[in-house]
Amino acid sequence: WEFNGSFYQPSAFLMMGIPGLEALHHWISIPFCALYFIALLGNCLILFIVKKTQSLHEPMYYFLSMLAVTDLGLVLCTLPTTLGIFWFNIRRIGFDACLTQMYFIHILSFIESSVLLAMAFDRFIAISHPLRYPSILTKATVIKIGLAIILRGMVSLLPIPFLLKRLTYCGKTELSHSFCFHPDIMNLACADIKVNVFYGMIILLSTVGMDLIFIVLSYILIIKTVISLATKEECLKALNTCVSHICAVLIFFIPMIGLSMIHRFGKNIPPLVKTLVAYTYLIIPPALNPIIYSIKSSHIREALFRALWRKSE
């Protein structure tokens with residue numbers, strides 16, 4: 001502990017694996033390794049295919065590449081500490097290292113939320129205004145959207161580590177997860193955390209909350225456009241281009257909202273439930289997104305088969 005008058009700050013936190021199943025951590029690590037491997041391989045393949053295939057140099061696949069990069073970042077943020085606990089029982093993480101990991105996890109989560117909104121906007125323009133699509137979503141516009149997404153995430157979350165560093169910590173230093181999460185660290189403080197709670201809620205609602213609202217509005221407008229189409233075949237074809245994105249939205253937002261609600265209001269929820277929701281939020285989307293898009297997108301599938309065929313020759 002570092003002592004400075006009445007101010008106490010732990011030199012490190014202790015991370016938690018899966019409560020009650022510590023003896024089985026080596027076996028539990030097997031499915032986690034499989035998910036991490038699928039996430040790393042799948043997202044790298046998406047990036048490789050989009051880069052090498054000229055026909056995929058379109059806004060839809062540029063946004064998909066942004067999603068893949070974000071998912072890779074989330075995987076690389078949580079993989080060392082999660083497997084460190086499961087394989088070697090390394091639970092200790094330095095205070096500053098914990099704040100750094102937390103900052104990047106939250107930034108990448110906010111970026112993923114914004115990228116999903118950009119992808120919803122892309123689908124709306126493609127379906128509702130197909131003739132204007134190339135002139136609205138130019139390459140320069142996509143780059144500007146990407147930079148704005150990164151800047152919004154970095155700036156909005158910049159005060160969070162400093163708000164945590166100003167707090168006095170005492171007693172318990174055990175986190176609820178194998179990674180650092182803002183509400184989890186905040187609840188270990190023995191000082192007034194009203195500012196942290198208020199700022200965290202405002203930022204969450206004004207970024208992720210607004211992203212979700214605009215995604216829903218985009219799909220309301222998409223459905224309105226699709227209903228006006230002449231034939232049932234055209235209607236189904238238009239909706240089929242949105243299936244992958246809808247799946248990506250659901251597997252990201254449902255666990256994220258659930259984890260946020262559990263940390264803020266679920267004081268009596270069993271630790272195992274909290275842990276499983278956290279892993280679902282941070283590991284499942286990066287692993288499933290490449291699979292979903294590979295299955296549903298014929299362009300991605302064909303480009304992947306062509307790449308594999310060339311390598312086998």
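In this text the structure is predicted, and so the values were computed from the model without any measurement.

Trainee: Before we go on, may I ask you to explain the packing of aromatic side chains in this structure?
Mentor: The way to describe two aromatic rings as a pair is by their centre distance and the angle between their planes. Per the counting criterion, the structure on display carries 11 aromatic pairs. On the basis of an interplanar angle of 40° and a centroid distance of 5.5 Å, the ring pair of Phe-13 and Phe-95 is categorised as tilted. Taken as a pair, Phe-13 in strand β3 (residues 12-14) and Phe-95 in helix α3 (residues 95-128) lie far apart in primary sequence, 82 residues in all. For the pair Phe-13 and Phe-95, one class covers both residues: buried. When the ring of Phe-179 is compared with that of Phe-181, the centres are 6.4 Å apart and the planes differ by 85°; the resulting orientation is edge-to-face. Take Phe-179: its relative accessible area is 1%, and that puts it in the buried class.

Trainee: I'm lost on helix α8 (residues 194-227) in this one. Help?
Mentor: Quick reminder: α-helices carry 3.6 residues per turn. Residues three or four places apart thus point the same way. An ideal rise of 1.5 Å per residue puts 50 Å on 34 residues; α8 measures up with 47 Å between its terminal C-alpha atoms. Remark: the principal bend of α8, roughly 30°, maps to Leu-205.

Trainee: Teacher, can you tell me more about the nonpolar core here?
Mentor: Buried together is how nonpolar side chains tend to be arranged in soluble globular proteins. Of all hydrophobic cores here, the largest spans 87 residues; its most connected members are Phe-13, Leu-116, Leu-164, Tyr-169 and Ile-185. Here the element with the most residues in this core is α3; it accounts for 18 residues. Setting aside its immediate chain neighbours within four residues, Phe-13 contacts Arg-91, Arg-92, Ile-93, Phe-95, Cys-98, Tyr-169, Thr-173, Leu-175, Ile-185 and Leu-188.

Trainee: Just checking my understanding: could you explain the UniProt feature "transmembrane region" (unreviewed entry) in the protein for this structure?
Mentor: The positions UniProt marks with the feature "transmembrane region" (unreviewed entry) are residues 24-50, 62-90, 102-121, 142-164, 197-222, 243-264 and 276-295. In the segment residues 243-264, helix accounts for 100% and strand for 0%; the C-alpha atoms at its two ends are 32 Å apart.

Trainee: Help me understand the state of the cysteines, please; the structure alone is not making it clear to me.
Mentor: When the sulfur atoms of two cysteines share a covalent bond, that bond is a disulfide. Here the structure, examined in full by the defined rule, presents one disulfide. Disulfide pairing is shown between Cys-98 and Cys-180; the S-S distance is 2.0 Å. Looking along the S-S bond of the Cys-98-Cys-180 disulfide, the torsion reads about -120°, which is the left-handed sense. Within this pair, whereas Cys-98 is found in helix α3, its partner Cys-180 is found in the loop between α6 (159-165) and α7 (182-186), the two being separated by 82 residues in sequence. An identical accessibility class is assigned to Cys-98 and Cys-180; each is buried.

Trainee: Explain the environment of Tyr-133 here, please?
Mentor: As for its position among the elements, Tyr-133 is in helix α4 (residues 133-136). The contact partners of Tyr-133, leaving out residues within four places of it in the chain, are Pro-59, Met-60, Asp-122, Arg-123, Ile-125 and Ala-126.

Trainee: Sorry if this is basic, but what is going on with the environment of Leu-221 here?
Mentor: When you line up the elements, Leu-221 lands in helix α8. For Leu-221 and Phe-124, which are 97 residues apart along the polypeptide, the C-alpha to C-alpha distance reads 7.3 Å. Leave out the neighbours within four places in its chain, and Leu-221 touches Phe-124 and Ser-128.

Trainee: Looking at this structure, how should I read the pattern of salt bridges?
Mentor: A pair can form between side chains of opposite charge whenever their charged atoms are brought close. Inspection of the entire model under this criterion finds four salt bridges. We note a salt bridge from Arg-91 to Glu-174, for which the minimum N-O separation is 2.4 Å. On the criterion of sequence distance, the pair formed by Arg-91 in the loop between α2 (59-88) and β4 (92-94) and Glu-174 in the loop between α6 and α7 is long-range, its members being 83 residues apart. Across the pair Asp-122 and Arg-123 runs a salt bridge, and its minimum N-O distance is 2.9 Å. The exposure class assigned to Asp-122 is buried, which follows from its relative accessible area of 1%. Here Arg-123 falls in the buried class, since its relative accessible area comes to 9%.

Trainee: Which parts of the structure should I look at to understand the side chain of Asn-196?
Mentor: Residue placement: Asn-196 occurs in helix α8. Owing to a relative accessible area of 0%, Asn-196 belongs among the buried residues under this scheme. Discounting residues that sit within four places of it in the chain, Asn-196 has contacts with Leu-163, Leu-164, Arg-166, Leu-167, His-182 and Met-186.

The rules behind these values
- Residues numbered from 1 in each chain as written.
- Predicted model: local features only at pLDDT ≥ 70, side-chain atom pairs only at ≥ 80, totals over all residues.
- Heavy atoms only, no water.
- Phe/Tyr/Trp six-rings, centres within 6.5 Å; stacked < 30°, edge-to-face > 60°.
- Helix = DSSP H or I, 4+ residues; strand = E, 2+ residues; numbered from the N terminus.
- Buried < 20%, exposed > 50% of the residue type's maximum accessible area, 1.4 Å probe, protein only.
- Expected span 1.5 Å × (residues − 1).
- Bend = angle between axes of the 7 residues up to and from the residue.
- Core = buried A, V, L, I, M, F, W, Y, C linked by side-chain atoms within 4.5 Å.
- Contact = heavy atoms within 4.5 Å.
- UniProt positions renumbered as here; feature names shortened; annotations may be inferred.
- Disulfide = S-S within 2.5 Å.
- Salt bridge = Lys/Arg side-chain N within 4 Å of Asp/Glu carboxyl O.

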